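Spelled out from the first residue to the last, the chains are:
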Amino acid sequence: MHIALLLSFTLAQQSPISHYWHKITDRTFSGIYHANAFDLAMMIPYFLVLGILALYGLHRYWLVYDYYKYSKNVPGPPPPVTRWPRVTIQLPIFNERYVIERLVEAVSRFDYPGELLDVQVLDDSTDETQQVARACVERHAAQGMRISYIHRANRKGYKAGALENGLKTAQGEFVAIFDADFIPEQDFLLRTIPYFLNPDGGDKIGMVQARWTYLNRDYSLLTQVETILLDGHFVVEHGARSRRGTFFNFNGTAGVWRRQAIEDAGGWQHDTLTEDTDLSYRAQLQGWKFLYLPDIECVSELPVDMNSFKAQQARWAKGLMQTAIKVLPKVFKSNAPWHIKAEAFFHLTANISYPLMVLLSTMLLPAMIVRFYQGWFQMLVIDLPLFLASTCSISSFYLVAQKELRPKSWWRTFLYMPFVMATGIGISVRNAQAVIEAIVGKKSEFARTPKFKIEGRKDSFVKKSYRNKAGWMPYAEVLLGIYFAFTVVYAITNENYATVPFLVLFVWGYLYTGFMSLGQTYFAHLRFGVNAPEMRPAASGAPGF
């Protein structure tokens, strides 16, 4: 027994963690090297941040696990409908002169009883979109379509305010919502409405969400990356949450609401930038069930320039954090099962990873210097598992989504994964600012996502306005890219080759997003072999949808 205790003590002394603790507390070689206040000030927050990021990374693995574990929990086909209900279609727009006619034209082709269909064009535009939209509505109304044009001079509440204003005159029992850059199929309502009418629990369904697809996914490298990112959300996240029965969110478009669910939840509110997620959680807390139908697709248009993409991602990041602050206390106090509360927490707070990533970025070089004295074995045992948990989960998450959608060609996604990871790193600065603003309670306007009617590689947005300005953020991204270039040099100089691939992703990501934002006007043709137009300076305009 004494031998066993001695052996256990010896092994404990040789473990990486105990060895590291012994190393920073041992005073034997006091004059040569020992951990000082700087070392501890670096390593404690370094491991804390890396640990939190690893925790959110493990949650991605858990979503993949739930996606497959509950794969049989998918809705079957509803029974035939004998009596169709009245439906109101809301089309919220703001300065959408390039795409509004395309949207109205798609809705006009719906295979749904015309006498039971009301269409509202909710226009908050401040430019010539007013004339384009009004003329479009009048033309279709003259052809017998039940369509009305509602314009607000006061944009109070932005999109949420427009939707709430439209409900005042809406006649439908159900409300379908489509953003300006979407093109729903003509059988969209015929395929979604029956689920609400299903005698087997249909009366408890408050919202049905369809899956987004993208008409310009092959336009550029950026749109390919956006496709992979959004597919991960719609396939794995929505799929896992809906299959297990946890809360998930309406995506603001390409879905149908039961009007009673909106009213029971308190209506549309505009104190967050993601009014769709806010309403979704409030409705589900009231007992309404949501249904996700991935087989029903709705085509949309992806942002085609870096500044618009970053503005969209920052709005979502800030809005989700605002919703977390507003809604999570109610979720925790509710009678919902623990797994629903846990998933709600990870869902709504996931964007906290962006400021943590930026913080980790600034600490990597000094942490590498401190860790250099501990040898490669300790870094392999302690650091590598944390890095794998926080980074490789991203790859597996998106690869699963592509394999589900494209079983014959999903392996090509491997070629895009470095771009996906680098882009995610590159937008972390902008998203980190948005998340911090949400935490401190700083309000901001609803930054619109420009729509240019880019449907193929030959389409151009050369003479089209509405582009978001770069601002000061790209300069910070470029500086971070240069900073990481020095960390790569340091790692190679000290033969720490294992960290170089990770560091190169940081260099690539920050420099790519930074320079693309700054040089979009002059270097738009640098889009990896895709026919890209030259961009001109953006016209000034107020933010919108």
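Residues numbered from 1 in each chain as written. Predicted model: local features only at pLDDT ≥ 70, side-chain atom pairs only at ≥ 80, totals over all residues. Heavy atoms only, no water.

1. Topic: the overall build of the protein
Helix and strand content of the protein: 18 helices and 8 strands. Buried positions account for 56% of the 545 residues belonging to the protein. Just so you have it, the protein exposes about 24,400 Å², and 62% of that area is on carbon and sulfur atoms. (Helix = DSSP H or I, 4+ residues; strand = E, 2+ residues; numbered from the N terminus. Buried < 20%, exposed > 50% of the residue type's maximum accessible area, 1.4 Å probe, protein only. Areas by Shrake-Rupley, 256 points an atom, 1.4 Å probe, with all protein chains shown as cover.)

2. Let's talk about the pairing of strand E2 (residues 117-123)
Extensive coverage of E2 is indicated by the burial of 7 of its 7 residues. On E2, burial covers both faces: Leu-117, Val-119, Val-121 and Asp-123 on one face and Asp-118, Gln-120 and Leu-122 on the other are all buried. The pairing of strand E1 (residues 87-93) with E2 spans 7 bridges and is parallel. Following the sheet pairing, Gln-90 is matched in E2 by Gln-120. With respect to chirality, the unit in which E1 leads through helix H4 (residues 100-108) into the neighbouring parallel E2 is right-handed. Here 5 bridges tie E2 to strand E3 (residues 147-151), and the two strands are oriented parallel to one another. By the bridge assignment for E3, Leu-122 is matched with Ile-150. Chirality of the crossover, the property in question, places the unit of E2, helix H5 (residues 129-142) and E3 among those that are right-handed. (Pairing = 2+ DSSP bridges. Right-handed = clockwise from strand over helix to strand, strands pointing away.)

3. Quick word on the side chain of Arg-258
With respect to the secondary-structure elements, Arg-258 resides in strand E7 (residues 255-258). Buried charge without a salt bridge: Arg-258, with Glu-173 as the nearest opposite-charge side chain at an N-O distance of 4.0 Å. A distance of 3.2 Å separates a polar atom in the side chain of Arg-258 from the backbone oxygen of Phe-196. Discounting chain neighbours no more than four positions away, the residues touching Arg-258 are Glu-173, Phe-174, Phe-196, Gly-202, Asp-203, Ile-205, Gly-206 and Trp-288. (Lys, Arg positive; Asp, Glu negative; His and termini not counted. Salt bridge = Lys/Arg side-chain N within 4 Å of Asp/Glu carboxyl O. Polar contact = N/O pair within 3.5 Å; in protein donor to acceptor, adjacent residues only side chain to side chain. Contact = heavy atoms within 4.5 Å.)

4. Some details on the sheet that holds strand E4 (residues 174-177)
Spatially, 8 strands are ordered E3-E2-E1-E4-E7-E6-E8-E5 in an open sheet, and the strand pairing comes out mixed. The outermost strands of the open sheet, each flanked by one partner alone, are E3 and strand E5 (182-183).

5. Re unusual backbone geometry
With a phi close to 50°, Asn-95 is a non-glycine residue in the positive phi region. You can see Asn-95 is positioned in the loop between E1 and H4. Under the relative-accessibility criterion, Asn-95 is labelled buried at 4%. A positive phi angle, near 60°, is found at Ala-254, a position not held by glycine. By the element assignment, Ala-254 lies in the loop between helix H8 (221-244) and E7.

6. Some remarks on the packing of aromatic side chains
What the rule picks out here adds up to 24 aromatic pairs. Between Phe-247 and Tyr-281, the ring centres sit 5.7 Å apart and the planes meet at 80°, which makes this aromatic pair edge-to-face. Taken together, the positions of Phe-247 in the loop between H8 and E7 and Tyr-281 in helix H10 (residues 275-285) put the pair 34 residues apart, joining distant regions of the chain. Taking relative accessible area as the criterion, Tyr-281 reaches 0% and is therefore assigned buried. Ring centres of Trp-257 and Trp-268 lie 6.2 Å apart, and the angle between their planes is 70°; on these two criteria the pair is classed as edge-to-face. Residue Trp-257 is found in strand E7, and its partner Trp-268 is found in the loop between helix H9 (259-264) and H10; the two are separated by 11 residues along the sequence. The buried category is assigned to Trp-257, whose relative accessible area is 0%. Its relative accessible area of 6% is what places Trp-268 among the buried residues. Through successive ring pairs, a cluster of aromatic residues spans Phe-248, Phe-250, Trp-257, Trp-268, Phe-290 and Tyr-292. (Phe/Tyr/Trp six-rings, centres within 6.5 Å; stacked < 30°, edge-to-face > 60°.)

7. Some remarks on the environment of Lys-289
The residue Lys-289 is located in strand E8 (residues 289-300) in this model. With a relative accessible area of 51%, Lys-289 lands in the exposed category. Residues Lys-289 and Gly-201, spaced 88 residues apart in sequence, show a C-alpha to C-alpha distance of 9.3 Å. Excluding residues that lie within four positions of it along the chain, Lys-289 makes contacts with Lys-204, Ile-205, Gly-206 and Met-207.

8. Topic: the pattern of salt bridges
Pairs may arise between side chains of opposite charge once their charged atoms sit close together. Scanning the entire structure with this criterion turns up 23 salt bridges. Asp-124 is paired through a salt bridge with Arg-155; the nearest N and O atoms lie 3.9 Å apart. Highlighted residues: Asp-124 in the loop between E2 and H5 and Arg-155 in the loop between E3 and helix H6 (158-167), separated in sequence by 31 residues. Each member of the pair, Asp-124 together with Arg-155, is buried. The partner of Asp-179 in a salt bridge is Lys-159, and the shortest N-O contact between them spans 2.8 Å. Here the residue Asp-179 occupies a position in the loop between E4 and E5, and Lys-159 occupies one in helix H6, the gap between them amounting to 20 residues. In the salt-bridge network here, residues are joined through shared partners; they are Asp-271, Asp-278, Arg-282 and Lys-326.

9. Observations concerning the nonpolar core
The biggest cluster of nonpolar side chains holds 67 residues, and the ones touching the most others in it are Ile-89, Val-121, Leu-189, Trp-257 and Trp-268. Residues contacting Ile-89, with those up to four places away along its chain left out, are Val-107, Phe-110, Leu-117, Asp-118, Val-119, Gln-120, Ala-176, Phe-178 and Leu-189. Core analysis: the second largest hydrophobic core is formed by 28 residues, Met-43, Met-363, Met-473 and Val-507 among them. (Core = buried A, V, L, I, M, F, W, Y, C linked by side-chain atoms within 4.5 Å.)

10. Notes on the confidence of the model for the protein
Looking at the protein, the pLDDT average stands at 84 and 80% of residues meet or exceed 70. Predicted confidence for residues 524-545 stays below pLDDT 50, and this span has 67 contacts to residues more than four positions away or in other chains. (pLDDT = per-residue confidence, 0-100.)

11. Topic: the pairing of E8
Relative to E8, E5 is paired through 2 bridges, and the arrangement is antiparallel. Directly across from Phe-182, in E8, lies its bridge partner Ser-300. Sheet analysis places strand E6 (residues 205-214) next to E8, joined by 9 bridges and oriented parallel. Pairing of Val-208 across the sheet is with Leu-291, part of E8.

12. Let's talk about H10
Most of H10 sits out of view: 10 of its 11 residues are buried. Burial in H10 covers these residues: Glu-275, Asp-276, Thr-277, Asp-278, Leu-279, Ser-280, Tyr-281, Arg-282, Ala-283 and Gln-284. A positive backbone phi angle near 100° is found at Gly-287, which sits one or two residues after H10.

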